[in-house]
Each structure stands twice: as C-alpha cells, then as structure tokens.
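# Coordinates in review
As a plain string of letters, each chain reads:
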Amino acid sequence: MSFNNNPKVILITGTSSGFGLLTSARLAARGFIVYATMRDITQLKPLLNEVFKRRGEVIIRELDVTKPESIKDVVTEIKNRHGSIDVVINNAGFGLGGFFEDLTQEEIRQQMEVNFFGVQNVCRQVIPLMRERKKGTIINISSIAGQCGSPALGAYSASKWALEGFSESLYHELIPFGVHVVLIEPGAYPTKIFSGNARYCEGFDKPNSPYFELSQKLRAFVTKTMANNKKDPEDIAKLIEKVIDTPNPKLRYVSDFSSWMRIVIGRILPASVYTYLFRKVIYGNSKRSV
C-alpha cells in the first residue's frame, strides 16, 4: 500500500464486481480511505481478494442505493469518523436488455430506480457535506448509451440519458460551491454486466414476441462481441483515479477512442445512413463491431 499522509475519503457504490471492484482496489492501494459499498454484503469475497492482492485496505459496508436509510447510515458513519467525504463514485447500476413492447412497466421503473434515482439518493446525502466545505468531487458512472441509443437497450439508455442531464445540471449548480460533478462514459467492456450480471426482461426469450428473432440475433451479437472484446476494465479505474487527481476536472470523460468515434459518427452522419450501418452491424453478417 502506498503511503499517504493526507488520504482522501472516498465512497463508492456497487463494488462487488466490475468497475466498482477494480476502482476500490486501485484507490485503496494508493492509501486512500475507501468505503466500498454493495447491496449484497455476502458478495464481498472477490473485492477482498483483489484488495489483498494489491496490498490495500478497504472498509466494506452494505448499501442499497434504492433505500435512502441505508445510504444515510453509511454517510453518517463516514461523517462521524472522518468529518467529511472528498469523493463519491456513483457506480451502482445494472443493464436491462429488452425491446420496449417486451418490457413491463415494473421492469422499466426498476431500471430507473437503480441507475437514476439511486444516484440522486446518494447525492442528496453527500452534497450538503461537500457544499459546506466548498470542496468535493462527485463522479457518476454513465455510459455511451447515455448519448447513443441501441435496440433492446431503451430502458438502460433512458436511465443513462436521465443521468447525463441530471449530472450536467448539477455540475452548473455546484461549481459555485467548489464541488465538481464528473461523468465517466464507458463503452462496452468485458465485465459481469454482459455475463454473470446480465439481465434481460421477462419477455426477451418468448417465441411469441414479435421481436423474438431480433432478440436472438442481438444476444448472439453481444456474446460474440464480448468474447472478442480486449478492452481492459482497469482502464476505467485508471481514468477515475486520474479524475480524482485533477484539481479542476471537466464534466465528461469518454473512456476510449472507439466509443468516442461512435458518438461522433452518430452526430455527423445523416440519420438514415447511421441507422442502415447500425442495423447492418448488429443484424447482418458484418464482422465489424459497434
């Protein structure tokens, strides 16, 4: 563990796997005081193993972003023990696959409840502490899906577009108080969101769905693409670390060149051309990746 005589206090949600796990372990190895939280505390072993491997230390707490009281308990503990929170990383979330007609209203609401309202729930608890100190950084893990829509990701994209709009407004609201709001926008990385933690709506695999053929082609495309995906999820942890070390971070950080290019191409090409290419890549025989 790196020596740090003035460690920042960092709260991270969704640390049982993926970006949250890697970021917690990386920042702990820097000597920061890391409160790594997760909804299901029984899933802590992978995080502990990674932290041990990097010779760091973390404080693990149970926190469900959809339950304000559980957030308040953790934030109160941090305030009582350390007096402040320097950085909050809102990473908790999940991706829900499903064409709109196959999605139930309850499934869509749950997607929004976690990915969007969950972030707001955390922000409500931590902003007063940061505003009073006139210092702090809120890092919201978004996605390029917050700028580019895709078939069968309408609910997920909606949650991330909402997060984008909220974060941009919050950025302008808090800058006068010395509090920075940052959006990290990853593309597709080979994490559990596409494997063990992948979630599809109840109607995704029903043969009587008018979207059944498309949904199966889409699943096959995602499986093949992820099998060939060589991106390193650690890059997101490194990017978050860079933001934390930056005195005046910018609002948005796109994680990689291919993701940035997709956003740019989607904006400069005529909609008809972009749609044709997009459909060809996903549903056709093209070997190109999105």
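Described below are features of the structure shown in this document. (Residues numbered from 1 in each chain as written. Predicted model: local features only at pLDDT ≥ 70, side-chain atom pairs only at ≥ 80, totals over all residues. Heavy atoms only, no water.)

## Regarding the overall build of the protein chain
Scanning the protein chain from N- to C-terminus turns up nine helices and nine strands. The C-alpha atoms of the protein chain give a radius of gyration of 19 Å, which matches the 19 Å a tight globule of 290 residues would have. Counting only C-alpha atoms, the protein chain reaches 55 × 40 × 35 Å along its principal axes. In the protein chain, which comprises 290 residues, the proportion classed as buried is 48%. Summarising the internal contacts of the protein chain: among those between residues at least 6 apart in sequence, 73% fall at separations of at least 24. (Helix = DSSP H or I, 4+ residues; strand = E, 2+ residues; numbered from the N terminus. Rg over C-alpha atoms; globule rule 2.2 N^0.38 Å. Buried < 20%, exposed > 50% of the residue type's maximum accessible area, 1.4 Å probe, protein only. Contact = heavy atoms within 4.5 Å.)

## Section: the environment of Ile-85
As for its position among the elements, Ile-85 is in the loop between α3 (68-82) and β4 (87-90). Accessibility expressed as a relative area gives 1% for Ile-85, which makes it buried. Taking the C-alpha atoms as reference points, Ile-85 and Ile-33, 52 residues apart in sequence, are found 9.7 Å from one another. Not counting residues within four places of it along the chain, the set of residues in contact with Ile-85 comprises Val-9, Leu-11, Val-75, Ile-78, Val-126, Leu-129, Met-130 and Arg-133.

## Describing the nonpolar core
Inside soluble globular proteins, nonpolar side chains tend to come together where they are buried. Counting 48 residues, the largest nonpolar core has Leu-11, Ile-85 and Ile-138 as the members making the most contacts within it. Contributions of two or more residues to this core are made by β1 (9-12), α3, α4 (105-133), α5 (154-174), β7 (179-185), α6 (212-227) and α9 (271-283). Ranked by size, the runner-up nonpolar core spans 30 residues in total, among them Phe-32, Ile-141, Ile-236 and Ala-237. (Core = buried A, V, L, I, M, F, W, Y, C linked by side-chain atoms within 4.5 Å.)

## Quick look at a nonpolar patch on the surface
Together, Val-273, Tyr-276 and Leu-277 make up an exposed nonpolar region whose accessible area comes to about 280 Å². Mapping Tyr-276 onto the fold places it in helix α9. (Patch = residues over 30% accessible without salt bridge, like charges linked within 9 Å, V, L, I, M, F, W, Y side chains within 5 Å. Areas by Shrake-Rupley, 256 points an atom, 1.4 Å probe, with all protein chains shown as cover. Salt bridge = Lys/Arg side-chain N within 4 Å of Asp/Glu carboxyl O.)

## What to know about the side chain of Gln-147
Note on placement: Gln-147 falls in the loop between β6 (136-141) and α5. A relative accessible area of 19% means that Gln-147 is categorised as buried. Within the local environment of Gln-147, its side chain forms a polar contact with the side chain of Glu-185, the two groups lying 3.0 Å apart. Those residues in contact with Gln-147, other than ones at most four positions away along the chain, are Trp-161, Glu-164, Glu-185, Arg-252, Ile-263 and Arg-267. (Polar contact = N/O pair within 3.5 Å; in protein donor to acceptor, adjacent residues only side chain to side chain.)

## Quick look at the packing of helix α1 (residues 18-29) against helix α2 (residues 45-53)
α2 packs onto α1 with a crossing angle of 30° between their chain directions and a minimal axis gap of 9 Å. Here α1 and α2 pass one another in a crossing that is right-handed. Every residue of α2 that contacts α1 at Leu-21, Leu-22, Ser-24 and Ala-25 is listed here: Pro-46, Leu-47, Glu-50 and Val-51. Of the residues that constitute the contact of α1 with α2, the class distribution is six nonpolar, one polar and one charged. (Axes fitted to C-alpha atoms, helices over the stretch in contact; angles between N-to-C directions. Left-handed = near helix turned anticlockwise from the far one by under 90°. Nonpolar A, V, L, I, M, F, W, Y, C, P; charged D, E, K, R; others polar.)

## What to know about the side chain of Asn-90
Within the fold, Asn-90 resides in strand β4. On the basis of relative accessible area, Asn-90 is assigned to the buried category, the value being 2%. There is a polar contact of 2.8 Å between the side chain of Asn-90 and the side chain of Asn-140. When near neighbours in sequence (up to four residues on either side) are disregarded, Asn-90 contacts Thr-13, Val-119, Val-122, Cys-123, Ile-138, Ile-139, Asn-140 and Ile-141.

## What about unusual backbone geometry?
For Lys-134, which is not a glycine, the phi torsion comes out positive at approximately 55°. With respect to the helices and strands, Lys-134 occurs in the loop between α4 and β6. Classification of Lys-134 by relative accessible area gives exposed; the value is 52%. Notably, Ala-152 is not glycine yet its phi reads approximately 70°, a positive angle. Considering the arrangement of structural elements, one finds Ala-152 in the loop between β6 and α5. Judged by relative accessible area, which is 6%, Ala-152 ranks as buried.

## Details of empty space enclosed by the protein
By the definition in use, this model includes one cavity of 30 Å³ or more. Of the volumes computed, that of the largest cavity is approximately 30 Å³. Every residue lining the largest cavity is listed: Thr-13, Val-65, Asn-90, Asn-91, Ala-92, Val-114, Gly-118 and Val-119. No other element matches the three residues that α4 contributes to the lining of the largest cavity. Each residue belonging to the lining of the largest cavity can be placed in one class, and the counts come to four nonpolar, four polar and no charged. (1 Å grid on protein atoms, 1.4 Å probe; cavity = no way out; pocket = protein on both sides within 12 Å on 5 of 7 lines; lining within 4 Å. Points joined across faces, edges and corners; volume = space filled by probe spheres on them.)

## Some words on the sheet that holds β6
Strand order across the open sheet formed by seven strands is β3-β2-β1-β4-β6-β7-β9, with parallel pairing between neighbours. In the strand order of this sheet, the two ends are held by β3 (59-62) and β9 (252-254), each with one partner. Each adjacent strand pair in this sheet contributes to an overall mean axis angle of 20°, direction not counted. The sheet contact formed by β4 and β6 spans four bridges and is parallel. (Pairing = 2+ DSSP bridges.)

Everything listed is a geometric property; what it means functionally is a separate question.
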